[in-house]
Amino acid sequence: MTELGKIKILLAYDGSELALDSVRYIGEAFPQDRTKVVIFYVETKIPRSFWRMERELDFRFQSPQIRATMAQRKKKINLAMKKAAQILLDAGMPSDAIHTRVHIKNQSIVQDIVEESHQGYGALVIGRRGHSRIKDFIVDALPIKLLGKIKNIPLIVVGKKPDHKNILIAFDGTREIIKAVKYMSSLISTRGCKLLLCHFQHGKDVSGRPKKEALPNKMFDLPMSYFLEAGFASDQISFEIITNEKNPTHCILEKARYGDYGTIIIGRRGLTPLKRLIFNRVGNTIFQSADKHVVWIVQ
């Protein structure tokens, strides 16, 4: 949060047309009257070798063309930033809540984004795809790298043409996910949203006896109170307990696809080392498979 209770959102933006989906998502998903957005572009430094080469006689004749290319690149970046800002303006966000920042790369794109995220932001938003549409190991490299480094705020990865209205929350009942639900409920707009808290439960407890379902039902009471306090209506919120599901990742993806849930929210804190290892596989699978969804990783 920032001044006067406003939500400060960091948008990691590369200036591409594909990245505009993440801008549109912010305009739709976050309340315009209490959201502040910083559109953050990491610009590559001009190599020192260029300036050394410029001083050499054999290279000097190429300098005007290179300088013209650099000027054109700067113009392209400025136009892309203005286009992103205009999308937020058209969504109803006031102009004084939209800020653009071109940051000269200091360490690496990932590390510079991480360090910027420590400056009082409530969430980091990034597009799943940038300049390239090629589906190979490069596609999700930046979100995956950020997944291991963004630890104190939600990381929101926006897929192609997202619809935030229906939200599926993979709810495990831990204090960490309940805390995450409370925080998330204060971030998103309540307009027209449908929320599903989905809990996966093994049919038997550690002693081999069947589990009682009263306790899981009770654990929904607190998140329900948080959503109601944030302004959601009770008919916007539903709960589901799934037992004996051997592949929760597949189940999450199927429910999101066929239940028209455009946003998937998963947590990762408070896990044992073994469960964290399993979760990391789940999270990576969701990143790779849910390319038309928005995926929140909350702490």
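Above this text is the structure in question.
These figures come from a predicted structure and were not determined experimentally.

Peer 1: Provide a residue-level description of the environment of Ile 109, including the pertinent values.
Peer 2: Tracing the chain through its elements places Ile 109 in helix 5 (residues 109-117). For Ile 109, a relative accessible area of 36% gives the class partly exposed. Ile 109 sits 68 residues away from Tyr 41 along the chain, and the two C-alpha atoms are 9.3 Å apart. Each residue touching Ile 109, except ones within four places of it in the same chain, is listed here: Val 42 and Leu 142.

Peer 1: Talk me through the pattern of salt bridges; I want residue IDs and the actual numbers.
Peer 2: Following the criterion strictly, the structure yields 5 salt bridges and no others. The salt bridge partner of Glu 116 is Arg 101, with a shortest N-O separation of 2.5 Å. Taken as a pair, Glu 116 in helix 5 and Arg 101 in strand 3 (residues 98-104) lie far apart in primary sequence, 15 residues in all. What makes Glu 116 buried here is its relative accessible area of 10%. Of the charged contacts, one joins Lys 255 and Glu 240 as a salt bridge, the two residues approaching to 2.9 Å between their closest N and O atoms. You can see Lys 255 sitting in helix 10 (residues 248-258) and its partner Glu 240 sitting in strand 8 (residues 237-243), a full 15 residues away along the chain. Overall, Glu 240 belongs to the partly exposed group, its relative accessible area being 28%.

Calculation notes
Residues numbered from 1 in each chain as written. Predicted model: local features only at pLDDT ≥ 70, side-chain atom pairs only at ≥ 80, totals over all residues. Heavy atoms only, no water. Helix = DSSP H or I, 4+ residues; strand = E, 2+ residues; numbered from the N terminus. Buried < 20%, exposed > 50% of the residue type's maximum accessible area, 1.4 Å probe, protein only. Contact = heavy atoms within 4.5 Å. Salt bridge = Lys/Arg side-chain N within 4 Å of Asp/Glu carboxyl O.

By themselves, these are just geometric observations and shouldn't be taken as functional.
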